[in-house]
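Listed here are the chains, written in short residue letters.
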Amino acid sequence: MVIRTIRENIHLLGAVDWDRRLFDSLIPLPDGTSYNAYLITGKEKNALLDCVDPSMTDTLMEQLADVKKLDFIISHHTEQDHSGAIPVVLEKYPTAKVVATPKGVAMLIDHLGISPDRCIAVEDNQEIALGGQTLRFVHTPWVHWPETMCTYVPESKILFSCDFFGSHIASTDMFVTDKPRVYEAAKRYFAEIMMPFRTIIAKNIAKIEALDIEIIAPSHGCLYDEPEFIIDAYKDWISSEPKNLVVIPYISMHGSTRKMVGHLVGALAARNVTAQQFELSGTDIGKLAISLVDAATIVIGTPTVHIGPHPAIFYASFLANALRPKLRFASVIGSYGWSSKAVEKITELIPNLKVELLDPVLCKGLPCSDTMERIDAMADSIAKKHRENGFKEICGIC
Ligand code: FEO
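What counts, and at which threshold
Throughout, a residue's number is its position along its own chain's written sequence, starting from 1. Note on the predicted model: pLDDT of at least 70 is required for a residue's local features to be given, and 80 or more for side-chain atom pairs to be given and counted; whole-chain, interface and lining totals, by contrast, use all residues. For the side-chain quantities, the full set of heavy atoms in the structure was used; hydrogens and water were omitted. Secondary structure elements follow DSSP: runs of H or I of four or more residues count as helices, runs of E of two or more count as strands, with numbering from the N terminus. Working definition: with a 1.4 Å probe on protein chains only, accessible area under 20% of the residue-type maximum means buried, over 50% means exposed, and in between means partly exposed. A pair of strands is treated as paired once DSSP finds two or more bridges between them. All axes here are fitted lines through C-alpha atoms, helices being fitted over the stretch that makes contact, and every angle between N-to-C directions spans 0 to 180 degrees. Residue count minus one, scaled by 1.5 Å, sets the expected span of a helix. Comment: arc refers to directions from the helix axis out to C-beta atoms. Using a grid of 1 Å spacing that covers the protein atoms alone, one calls a set of points a cavity when a 1.4 Å probe fits there but cannot get out, and a pocket when the set is open and has protein on both sides within 12 Å along at least five of seven lines; lining residues are those with an atom within 4 Å of a point. Grid points are joined across faces, edges and corners, and a volume is the space filled by probe spheres set on the points. The classification used treats Ala, Val, Leu, Ile, Met, Phe, Trp, Tyr, Cys and Pro as nonpolar, Asp, Glu, Lys and Arg as charged, and all other residues, Gly among them, as polar. Segmentation of the chain into domains, including their bounds, is taken from an automatic or database domain assignment. Contacts were defined at the residue level, with two residues in contact if any of their heavy atoms lie within 4.5 Å. Buried area adds together the accessible area that both of two parts lose upon being put together, with accessible area traced by a 1.4 Å probe. Take a side-chain nitrogen of Lys or Arg and a carboxyl oxygen of Asp or Glu: if they are within 4 Å of each other, that pair is a salt bridge. Each polar contact in these results corresponds to two N or O atoms within 3.5 Å; when the atoms are within protein, one needs to be able to donate a hydrogen and the other to accept it, and residues that are neighboring in sequence are counted only if both atoms are side-chain atoms. Centres within 6.5 Å are what make two rings of Phe, Tyr or Trp a pair, Trp counting through its six-membered ring; a difference in plane orientation under 30 degrees is then read as stacked, over 60 as edge-to-face, and the rest as tilted. Put simply, angles under 35 degrees are roughly parallel, angles over 145 are roughly antiparallel, angles from 65 to 115 are roughly perpendicular, and the rest are oblique. By definition, any crossing whose near helix is turned counterclockwise from its far helix by less than a right angle is left-handed, and any crossing with a clockwise turn is right-handed.

S.K.: So what's going on with the environment of S381? Residues and values would help.
M.R.: Looking at the element boundaries, S381 is found in helix α12 (residues 369-388). As for S381 and L130, which are separated by 251 residues in sequence, their C-alpha atoms are 61 Å apart.

Following this line, the structure appears as structure tokens:
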């Protein structure tokens, strides 16, 4: 990636990783990603804001080839996709210091082996003057690690937000141009990484909104020259009100559970409830996570393996429990051969979900007309509860 200028003396460095398809050996990256670093050259001092993933260190070092002096490396977040290249940058600039929150300094020492005498810990709202540009450090814990912070430059009205407001998207666009594409990528990113911290993110957004911001510059994906686009989206995603949506992760071994899921989806549609089904042997787990941002109800569809749910259901249930979405209702549908403890096992897997459990529908062998009538009754119950709670429709880019 070539160095690009955002504002006078503020430059975008870093690397676009078009080909990466998995993050943390866990998160699918259908659109690749980028690791954005930023160089601010002041009248007296220079600062590099974040680095890149270790795999892209050479790219960053080529961009720094003509930068003779670097005083500070600002480490907003210790995860290696931003901090991994710091040791190499420190080697090139032997007098440079790494600036982080107090927790960030401790984590840089633990995770990267950086010497404590190369680190400076900064408090919330502390500033460093570069000469004509000021770095104001805004602590924003738990987006998504405990040590995270942002940097605000008041002279340029830019907020450097690292993971906060980021999106895993490889693009030649410096600023957002394709809003629907970026919206989905940012929502996927929020769902997979930020959603468990909704409450503290609300407090961090309130801090951010007190600043006069013209540009948000995250460390993944495009920059926002309309900050309200992503701030408003985050406000919608962190709100405690779910939407009129039922998410149905399921798997089927011999077709019975699939038939039941198909019937439930049709019954919900007939009652003006939006439903999204995800067949777990092939689904993009990120798409499932996106749906969980909005869903009011989850209905898990499973056949029975021995007496418990299918192993794929353990994974999906663990994921839903870990992401702590704002679900209000949950239930189970599925089939079994001779006996089943699927409902009990699934219930044990989702203690973080503060949901009302609706009557499950399990059938022995093939679903029959009685099974489908019970699924219709479940759809009636869900539609009534969504209506009574006034859940609104999903709005996409609101
Ligand atoms: Fe982009 Fe949490 O690292």
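S.K.: Which residues make up the environment of D24, and what values do they have?
M.R.: If you trace the backbone, D24 turns up in the loop between β3 (22-23) and β4 (27-28). Exposure remark for D24: the relative accessible area of 42% places this residue in the partly exposed category. On a C-alpha basis, the gap between D24 and T101 in space is 24 Å, while along the polypeptide they are 77 residues apart.

S.K.: Got a sec to walk through the sheet that holds strand β12 (residues 149-153)? Specific residues and values, please.
M.R.: Hydrogen bonding along the main chain pairs the strands of a sheet, whether they run parallel or antiparallel. Spatially, 5 strands are ordered β10-β11-β12-β13-β14 in an open sheet, and the strand pairing comes out mixed. Of all strands in the sheet, those bounded by a partner on one side alone are β10 (127-129) and β14 (215-218). In this sheet, neighbouring strand axes are inclined to one another by 20° on average, regardless of whether the strands run parallel or antiparallel. Bridge count for strand β13 (residues 158-162) against β14 is 4 bridges, and the pairing is parallel. Note that in β14 the partner of I158 across the bridge is I215.

S.K.: Please give an account of α12 that cites residues and values.
M.R.: Under the 1.5 Å per step criterion, the end-to-end length of α12 is 28 Å for 20 residues, consistent within 8% with the ideal 28 Å. Every buried residue of α12 is accounted for by T371, M372, I375, M378, A379, I382, A383, K385 and H386. Viewed along the axis of α12, the buried residues span an arc of 165°, placing them on a single side of the element. Facing away from the buried side of α12 by over 90 degrees, the exposed positions are S369, E373, R387 and E388. Residue G390 follows α12 closely and has a positive phi angle near 65°.

S.K.: Can you explain the layout of surface pockets? Please cite residues and give values.
M.R.: Taken as a whole, the largest pocket holds about 350 Å³ of empty space. Lining the largest pocket we find 18 residues, and of these L26, I27, E192, I193 and L323 sit closest to its centre. Secondary structure elements with two or more residues in the lining of the largest pocket: β4, α5 (179-194), α9 (285-294) and α10 (311-323). Among the elements that line the lining of the largest pocket, the one with the most residues is α10, at 5 residues. Considered class by class, the residues forming the lining of the largest pocket number 14 nonpolar, 2 polar and 2 charged. Both domains that furnish three or more residues to the lining of the largest pocket are identified here as domain 1 (4-238) and domain 2 (247-383).

S.K.: Could you give an account of the domain arrangement of the chain, with specific residues and numbers?
M.R.: Segmenting the chain into domains produces domain 1 (4-238) and domain 2 (247-383). The C-alpha-based centres of domain 1 and domain 2 are spaced at 38 Å. The interface of domain 1 with domain 2 comprises 15 residues on the first partner and 15 residues on the second. Summing both sides of the interface, domain 1 and domain 2 together bury roughly 1,200 Å²; the carbon and sulfur share of this comes to 59%. Summed over the three residues of domain 1 that lose the most area to domain 2, namely K187, R188 and M195, the buried surface amounts to 38% of that side. At the boundary of domain 1 and domain 2, one finds 3 salt bridges. Across the domain 1-domain 2 interface, the total number found is 6 residue pairs in polar contact (both at pLDDT 80 or more). Elements supplying a minimum of two residues to the side of domain 1 that touches domain 2: α5 and α7 (227-238). Per-element accounting of the side of domain 1 that touches domain 2 gives the leading share, 6 residues, to α5.

S.K.: Describe in detail the packing of aromatic side chains, supporting the description with residues and values.
M.R.: Inspection of the entire model under this criterion finds 11 aromatic pairs. With centroids separated by 5.4 Å and ring planes inclined at 25°, the aromatic side chains of W142 and F197 adopt a geometry described as stacked. Placement of W142 in the loop between β11 (134-139) and β12 and of F197 in the loop between α5 and α6 (198-209) is noted, with a sequence separation of 55 residues between them. Overall, W142 belongs to the partly exposed group, its relative accessible area being 35%.

S.K.: Run through the packing of helix α8 (residues 256-270) against α12, naming residues and quoting values.
M.R.: Running from amino to carboxyl end, α8 crosses α12 at an angle of 40°, the nearest separation of the two axes being 9 Å. Classed by the angle they form, the pair α8 and α12 counts as oblique. The element α8 and its partner α12 pack so that their crossing is right-handed. Packed against α8, whose contacting residues are K259, M260, H263, L264, A267 and L268, the element α12 presents T371, M372, I375, D376, M378, A379 and I382 at the interface. Residue composition of the contact of α8 with α12, grouped by class: 9 nonpolar, 2 polar and 2 charged.

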